[in-house]
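# A closer look at the structure
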Amino acid sequence: MTSAHHLLADEVSVSYGRQVVLDGVSLRIGRGETVGLRGPSGGGKSTLVRVLALLHQPDRGRVRIDGTAVDAVRYAVPVALRTRVAALFQSPRAAADPRLSLTDLIAEPLRATRTPESAVRERVAELADLVGLTADLRSRRPHAVSDGQLQRACLARALVHRPDYLLCDEATAMLDASTQAHVAAVIRDYQRTQQAGVLVITHDQTLLDRWSDRIVDLAATAGVRA
């Protein structure tokens, strides 16, 4: 990949009221690499993920995807651009609509972009198999499955548009060891086949060291191209 192929937070600043959460932070995630992000709880890591995932508009600075500046968030961003970045968060219950079956949860982003239903069914079945969701689980709603099963569905949902960049914010923290290992393996395999860039946030230093190509300290990213 050329040097232009990266997801970039470019001197991003975010405040909530008078509290400055991010102050001129820059972070680069290249295609095919895994970047670990380290920092204290409440230090702005999750806010940075939301900015990079085009879910939160920074007060200053901007996000660039492969050199293209993005000045909007959510559905104001063109489909071809916003579907190139996906995020997997710590709490699947906070991320999942409790009214949807796991099948519909995975399918929703495809239907939002008016993907033909035959293609939706095919992609959902492919991803459900990939993350280890059996047919009986797919018909259930979030309240009827475990946290690990729901996080598998959220992972499938995150991968549904084949994103170039995947942002994992404590994505395995609430999972048992076997589910944690499976989710991590799916992400690594996806990264290898798609040459995706991955951002990993975790308080598990062993996991961070094992998974990351390089580790960035959030406190050191203000005013620096990390």
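What you see is a predicted model; the values in this text were computed from it and never measured.

## Notes on the sheet that holds strand 4 (residues 60-65)
The sheet built from four strands is open, its strands ordered 2-1-4-5 with antiparallel pairing. Looking at strand neighbours, the two that pair on one side only are strand 2 (19-30) and strand 5 (68-70), the edges of this open sheet. Averaged over all pairs of adjacent strands, the angle between their axes in this sheet comes to 25°, without regard to strand direction. By the bridge criterion, eight bridges tie strand 1 (residues 6-16) to strand 2 in an arrangement that is antiparallel.

## Thoughts on the nonpolar core
Counting residues in hydrophobic clusters, the biggest one holds 39 residues, and the most contacted among them are Leu-133, Leu-155, Leu-166 and Ile-187. No other element matches helix 7 (residues 147-159), which puts seven residues into this core. Residue contacts for Ile-187: discarding those within four places in its chain leaves Leu-88, Leu-155, Leu-166, Cys-168, Val-198 and Trp-211. Core analysis: the next-biggest nonpolar cluster, separate from the first, contains 29 residues, Leu-22, Leu-37, Val-85 and Tyr-165 among them.

## Some details on the packing of helix 5 (residues 117-131) against helix 7
As a packed pair, helix 5 and helix 7 sit with axes 9 Å apart at the nearest point and diverge in direction by 135°. Between helix 5 and helix 7, the angle falls in the class oblique. Where helix 5 crosses over helix 7, the handedness of that crossing is right-handed. Within the contact between the two elements, helix 5 uses Arg-123, Leu-127, Leu-130 and Val-131 and helix 7 uses Arg-152, Leu-155, Ala-156 and Leu-159. Here the contact of helix 5 with helix 7 is composed, by residue class, of six nonpolar, no polar and two charged.

## Here we look at the sheet that holds strand 3 (residues 34-38)
Reading across from one edge, 6-7-8-3-9 is the order of the five strands in this open sheet, with parallel pairing throughout. What marks the edges here is a single partner per strand, and that holds for strand 6 (85-88) and strand 9 (214-217). Going across the sheet, the axis of each strand differs from the next one's by a mean of 20°, ignoring polarity. Pairing of strand 3 with strand 9, which is carried by four bridges, proceeds in the parallel orientation. Residue pairing across strands places Val-35 opposite Arg-214, the latter belonging to strand 9.

## Description of the environment of Arg-84
Counting through the fold element by element, Arg-84 comes out in the loop between helix 2 (79-82) and strand 6. In sequence terms Arg-84 and Val-73 are eleven residues apart; their C-alpha atoms lie 13 Å from each other. Discounting chain neighbours no more than four positions away, the residues touching Arg-84 are Ile-65, Asp-66, Pro-163, Asp-164 and Tyr-165.

## Section: unusual backbone geometry
Both trends apply: most residues other than glycine have a negative phi, and most peptide bonds are in trans. If you check the backbone angles, Asp-66 has positive phi at about 50° while not being a glycine. If you trace the backbone, Asp-66 turns up in the loop between strand 4 and strand 5. Owing to a relative accessible area of 19%, Asp-66 belongs among the buried residues under this scheme. Its identity as a non-glycine residue notwithstanding, Arg-74 has a phi of 50°, on the positive side. The topology assignment puts Arg-74 in the loop between strand 5 and helix 2.

Reading the values: rules and limits
- Residues numbered from 1 in each chain as written.
- Predicted model: local features only at pLDDT ≥ 70, side-chain atom pairs only at ≥ 80, totals over all residues.
- Heavy atoms only, no water.
- Pairing = 2+ DSSP bridges.
- Helix = DSSP H or I, 4+ residues; strand = E, 2+ residues; numbered from the N terminus.
- Axes fitted to C-alpha atoms, helices over the stretch in contact; angles between N-to-C directions.
- Core = buried A, V, L, I, M, F, W, Y, C linked by side-chain atoms within 4.5 Å.
- Buried < 20%, exposed > 50% of the residue type's maximum accessible area, 1.4 Å probe, protein only.
- Contact = heavy atoms within 4.5 Å.
- Parallel < 35°, antiparallel > 145°, perpendicular 65-115°, else oblique.
- Left-handed = near helix turned anticlockwise from the far one by under 90°.
- Nonpolar A, V, L, I, M, F, W, Y, C, P; charged D, E, K, R; others polar.

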